[in-house]
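What follows is the residue order along each chain.
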Amino acid sequence: MRPETHQEALISANPDVVRLLADPLRARIVQILADGPATTSHLVADTAAKQPNVSGHLKLLREAGVVTAEPRGRFTYYRLVPEVLQGAALHLADLAAQARAHSENFRAC
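Residues numbered from 1 in each chain as written. Predicted model: local features only at pLDDT ≥ 70, side-chain atom pairs only at ≥ 80, totals over all residues. Heavy atoms only, no water.

K.L.:
Account for the sheet that holds strand E3 (residues 75-80), with residues named and values stated.
P.N.:
On the basis of which strands lie adjacent, the open sheet formed by three strands has the order E1-E3-E2 and antiparallel pairing. Edge strands, defined here as strands with exactly one partner in the open sheet, are strand E1 (38-39) and strand E2 (67-72). Where helix H5 (residues 51-63) meets the sheet, it contacts E2 and E3, and its direction lies at approximately 115 degrees from that of E2. (Pairing = 2+ DSSP bridges. Helix = DSSP H or I, 4+ residues; strand = E, 2+ residues; numbered from the N terminus. Contact = heavy atoms within 4.5 Å. Axes fitted to C-alpha atoms, helices over the stretch in contact; angles between N-to-C directions.)

This is the structure:
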């Protein structure tokens, strides 16, 4: 067993990050936010989704630590937390490397 690395700590703190990003609308919201902070109104306009639907997805993304909310005057802007996405990406890369390294290790029956 190897010691936990920094990227494993990030992903293990939020094990549902990959699952959350599997939803097409959440993935689109994350893609939009990669271009910079946006309000719920911006995200509704950019996705053509209903406001309650976008708000629900933002809530899940906030709870998982993928986005943060930043009040600015009358508006709340949502911003991606790049470290969380990087942690998920590194975790998936580690899994791919592990699978590649052990692809011929068949378990005995």
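K.L.:
Can you tell me about the environment of Val67, naming the residues and giving the values?
P.N.:
Counting through the fold element by element, Val67 comes out in strand E2. Residue contacts for Val67: discarding those within four places in its chain leaves Leu33, Leu58, Leu61, Arg62, Tyr78, Arg79, Leu80 and Val81.

K.L.:
Provide a residue-level description of a nonpolar patch on the surface, including the pertinent values.
P.N.:
A cluster of nonpolar residues, Val18, Leu92 and Leu95, forms a patch on the protein surface that exposes about 230 Å² of accessible area. Exposure remark for Leu92: the relative accessible area of 42% places this residue in the partly exposed category. (Patch = residues over 30% accessible without salt bridge, like charges linked within 9 Å, V, L, I, M, F, W, Y side chains within 5 Å. Areas by Shrake-Rupley, 256 points an atom, 1.4 Å probe, with all protein chains shown as cover. Salt bridge = Lys/Arg side-chain N within 4 Å of Asp/Glu carboxyl O. Buried < 20%, exposed > 50% of the residue type's maximum accessible area, 1.4 Å probe, protein only.)

K.L.:
Explain the nonpolar core to me, using residue names and the numbers behind them.
P.N.:
Within the largest apolar cluster, 21 residues are counted, with the highest numbers of intra-cluster contacts made by Ile29, Leu33, Leu43, Val66 and Val67. Listing elements by their share of this core, those giving two or more residues are helix H2 (17-21), helix H3 (24-33), H5, E3 and helix H6 (82-101). Ranked by residue count, the leading element in this core is H3, at five residues. (Core = buried A, V, L, I, M, F, W, Y, C linked by side-chain atoms within 4.5 Å.)

K.L.:
If you had to explain the environment of Asn53 to someone new, which residues and values would you point to?
P.N.:
Mapped onto the elements of the fold, Asn53 is located in helix H5. Asn53 sits in the partly exposed class, given a relative accessible area of 38%. The spacing of Asn53 and Arg26 is 27 residues in sequence and 10.0 Å in space, taken between C-alpha atoms.

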